[in-house]
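So you can see what is in the structure, the chains are spelled out below.
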Amino acid sequence: MKIPFLNPVAQSHSLKAELLAAVEQSIMAGQFILGPNVTGLEQEIARYSGTRFGIGVNSGSDALTLALRALEIGPGDEVITTPFTYIAPAESIHQMGARIVFADVDPRTFIMDPAAVARRITPRTRAIIPVHLFGQMAPMAELQALARQHKLAIVEDCAQAIGATQNGQPAGSQGELGCFSFYPTKNLGADGDGGMIVTQDEALSKKLRMLRVHGIERRYHHDLHGFNSRLDDLQAAILRVKLPHLTAWNQRRAALAERYNRGLAGLPLHCPQVAAGNGHVYHVYAILTAKRDALQEHLAQNGIPTLIYYPVPLHLQKVYADLGGKLGYLPVAEELSRTILPLPMYPELTDEQADYVIQIIRGFAF
Ligand SMILES: Cc1ncc(COP(=O)(O)O)c(C=O)c1O
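Criteria and cut-off values
The numbers attached to residues start from 1 for each chain and follow its sequence in the written order. Whole-chain, interface and lining totals are the exception, using all residues; otherwise, since this is a predicted model, local features are given only for residues with pLDDT of at least 70 and side-chain atom pairs are given and counted only at 80 or more. Labels follow the DSSP assignment, with helices taken as runs of H or I lasting at least four residues and strands as runs of E lasting at least two, numbered in each case from the N terminus. We compute the radius of gyration from the C-alpha atoms alone; for a globule the expected value is 2.2 Å times N to the 0.38, where N is the number of residues. Neighbour counting defines burial: a residue surrounded by 20 or more other C-beta atoms within 10 Å of its own C-beta is buried, one with 12 or fewer is exposed, and intermediate counts give partly exposed, using backbone-placed C-beta atoms. Where each domain begins and ends is defined by an automated method or by a domain database. Nonpolar residues are Ala, Val, Leu, Ile, Met, Phe, Trp, Tyr, Cys and Pro. Charged residues are Asp, Glu, Lys and Arg, and all others, Gly as well, are polar. In this analysis, strands are considered paired if DSSP registers two or more bridges between them. Any residue whose backbone-placed C-beta atom lies within 6 Å of a molecule or strand is treated as near that molecule or strand. Contacts here follow a simple rule: the backbone-placed C-beta atoms of the two residues must lie within 7 Å. Axes here refer to lines fitted to C-alpha atoms; in helices the fit is confined to the stretch in contact. Angles between the N-to-C directions go from 0 to 180 degrees. Should an angle fall under 35 degrees it is taken as roughly parallel, and over 145 as roughly antiparallel, whereas 65 to 115 is taken as roughly perpendicular and any remaining angle as oblique. In this scheme, a crossing is called left-handed if the near helix is turned counterclockwise away from the far one by less than a right angle; it is called right-handed if the turn is clockwise.

Student: Explanation requested: the overall build of the chain in the structure shown.
Tutor: Across its full length, the chain holds 13 helices and 14 strands. Expected size for 366 residues packed as a compact globule is a radius of gyration near 21 Å; at 20 Å, the chain falls within 12% of this value. Counting only C-alpha atoms, the chain reaches 65 × 55 × 35 Å along its principal axes. Among the 366 residues that make up the chain, the fraction classed as buried is 48%.

Quick look at the structure:
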C-alpha cells in the first residue's frame, strides 16, 4: 500500500461541483479584490471563532505581521513566542524591528509552557504569541494571567488550530487578536495563500482593515504605514464552500487520532497528549520515539513517506544566530526536534490506511 503524507486535493474531488460553481460565480462577478465573498467569509470565520470581527489578509504570516503592527510593536520591544513551530511568528516579530524571545515548550503537548514564558518576561516585553501547535490550544488561562499582571497583549497563532477549543472557548477568541492561515494543507485550506485576523476589538479591526490596504480608509488618503495584504475573492469563495464541512473534518481527524492511539498502545513510543479541557483538531498527529530516523526510514520503505515538523528549533536556525541561542538553551524543543515523527493525518485517510500505518509501526524493531 502507498499512503500520501498529505492529500489536500482529495477535498477538491469530493466538493468538485460546488467548488467550480463558486469559482465561476466569483470570476464572473468581477469583484476580485475584497469582494463580497471576502466580506461573507470574514463574518463566517468571526462567528466560527467566537469573535466579532474578521479581517481577510494574504496569508497566515501576514496576519501575524499586521497584528503586531496594529498593536504598535516596534524597536526596543520584546515579544515572547515558541521555538518549536513554523518560523512565521518569529519572522513577524523581526519585521517589526522588535526582539524575538523564545520560551521553551511542554515535552508532551509540544505547546507553550507558561512557566517558561514567565521566566522570559522583562520590562521591555510587550506581547506573547502562543502557537496552538498541531491543533491544540496553548494554556490560555495561565498566559492571560501573565498578560494581565505584566500588561502584555496576546496574539494567538491559530494557523494550525481552526476549530480547536479550550474549556469550550474557540481558538482565536482568547487573545487581543487571533491569526488564521488558509494554506492549502491547513484544516481549512484555500487553493493558494490566504489568512485572517479575528478580534473582539472594534478599534483594532478598523486599524487592521486600513493596514491591509496601504493604510487607507479613503482611496489615495494614507493615514497609516500600511501593506498590500488582501484576501482574494476567489480564495474566499472556495473557503466558503469548505467551511460548512470543517467541523465534520475535524471530528474525522480526532477519530483517526483515537484509532492511532489505540493501535499504537503498548509500544515504546509516546502518542500525543491532550491537555485537560482542550478540544484538539489534529492538524498534525505526531508521535515521539528515540528511534525516529530509523522508524521514518522503515515507514518510507513500506510506502508511507513522512515529513518532520520541526527538524531544527527556531533558536538554532542560521537566520537567528545573532540572538545567541546555543544548543542546550531550550532543551525541550531540541529534544522534540530529534524525536518527533508526524504520521499521515487528513480527514480523507481511511480506517484501512490508518490501520496499515499502525501495522507497519508495530512491525518495527524498537
Ligand atoms: C504555526 C503557523 N503559523 C503561521 C503560519 C503561516 O501561515 P501562512 O503559510 O499562511 O503564511 C503557519 C503555516 O504555514 C503555521 O504553521
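Let us keep going from here.
Student: Which parts of the structure should I look at to understand the domain arrangement of the chain?
Tutor: A common measure of how large an interface is: the accessible area buried when the components associate. What the domain assignment lists for the chain is domain 1 (9–103 + 110–244) and domain 2 (245–362). Elements represented by at least two residues in the side of domain 1 that touches domain 2 include exactly β3 (99–102) and β6 (165–166). Taken together, the residues that form the side of domain 1 that touches domain 2 break down as 17 nonpolar, 9 polar and 2 charged.

Student: What is the right way to look at the sheet that holds β6 in this model?
Tutor: The strands that make up a sheet are held in pairs by hydrogen bonds between backbone atoms, and each pair lies either parallel or antiparallel. The sheet built from 3 strands is open, its strands ordered β7-β6-β12 with antiparallel pairing. The sheet terminates laterally at β7 (169–170) and β12 (278–279), the two strands that pair on one side only.

Student: Sorry if this is basic, but what is going on with the site of the ligand here?
Tutor: Among the 15 residues in the neighbourhood of the ligand, the closest are listed as Ser59, Gly60, Ser61, Ala159 and Ser181. Breaking the shell around the ligand down by element, the ones donating at least two residues are α4 (60–70) and α5 (88–95).

Student: Just checking my understanding: could you explain the pairing of strand β9 (residues 195–199) for this structure?
Tutor: Successive side chains on a regular strand alternate, one facing one side of the sheet and the next facing the other. Taken across its 5 residues, β9 has 5 buried, putting it largely inside the fold. Here β9 shows two buried faces, one formed by Gly195, Ile197 and Thr199 and the other by Met196 and Val198. The pairing of strand β1 (residues 53–57) with β9 spans 5 bridges and is antiparallel. By the bridge assignment, Gly54 is partnered in β9 with Val198. Taken together, the 4 bridges between strand β8 (residues 177–181) and β9 define a ladder with antiparallel strand orientation. Paired with Phe180 across the strands is Met196, a residue of β9.

Student: It is not clear to me how the environment of Tyr309 should be interpreted in this structure. Could you clarify?
Tutor: Of note, Tyr309 is situated in the loop between α11 (292–301) and α12 (331–339). Tyr309 gets classed as buried once you count the C-beta atoms within 10 Å, which come to 20. It is 15 Å that separates the C-alpha atoms of Tyr309 and Arg108, two residues lying 201 residues apart in sequence. If we skip the residues at most four places from it in the chain, Tyr309 touches Val284 and Pro342.

Student: How do you make sense of the packing of helix α2 (residues 16–29) against helix α9 (residues 233–242) when you look at a structure like this?
Tutor: Working note: a packed helix pair is described by the angle between its axes plus the distance between those axes. Axis separation between α2 and α9 bottoms out at 9 Å; the angle between their running directions is 150°. Regarding the angle of α2 to α9, the classification is roughly antiparallel. In this structure, the crossing between α2 and α9 has a hand that is right-handed. In this structure, α2 uses Glu18, Leu19, Ala22, Val23, Gln25, Ser26 and Ile27 to contact α9, whose residues at the interface are Asp233, Leu234, Ala237, Ile238, Arg240 and Val241. Broken down by class, the residue content of the contact of α2 with α9 amounts to 8 nonpolar, 2 polar and 3 charged.

Student: Explain α9 here, please?
Tutor: Because each turn of an α-helix spans 3.6 residues, side chains separated by three or four positions in sequence point in the same direction. For α9, a buried count of 8 out of 10 residues is recorded, marking the element as mostly surrounded by other parts of the structure. Regarding α9, the residues found buried are Asp233, Leu234, Gln235, Ala236, Ala237, Ile238, Leu239 and Lys242. Where α9 is buried, its residues contact α1 (9–14), α2, α3 (36–48), β1 and α10 (246–264).

Student: Help me understand the environment of Pro4 in this model?
Tutor: Of note, Pro4 is situated in the segment before α1. Given 16 C-beta atoms within a 10 Å radius, Pro4 is considered partly exposed. A sequence separation of 299 residues divides Pro4 from Gly303, and the C-alpha atoms of the two residues are 8.3 Å apart.

Student: Got a minute to help me understand the sheet that holds β1 in this structure?
Tutor: The 7 strands lie next to each other as β1-β9-β8-β5-β4-β2-β3, forming an open sheet whose pairing is mixed. Each edge of the open sheet is held by one strand with a lone partner, namely β1 and β3. Pairwise comparison of adjacent strand axes, ignoring direction, gives a mean angle of 25° for this sheet. Its contacts with the sheet put α5 on β2 (78–81), β3, β4 (125–129) and β5 (153–157), and the angle it makes with β2 is roughly 180°.

Student: Can you walk me through helix α8 (residues 202–211) in this structure?
Tutor: Within the sequence span of α8, burial applies to Ser205, Lys207, Leu208, Met210 and Leu211. Looking at the buried side of α8, the elements it contacts are β1, α4, β9 and β10 (216–218).

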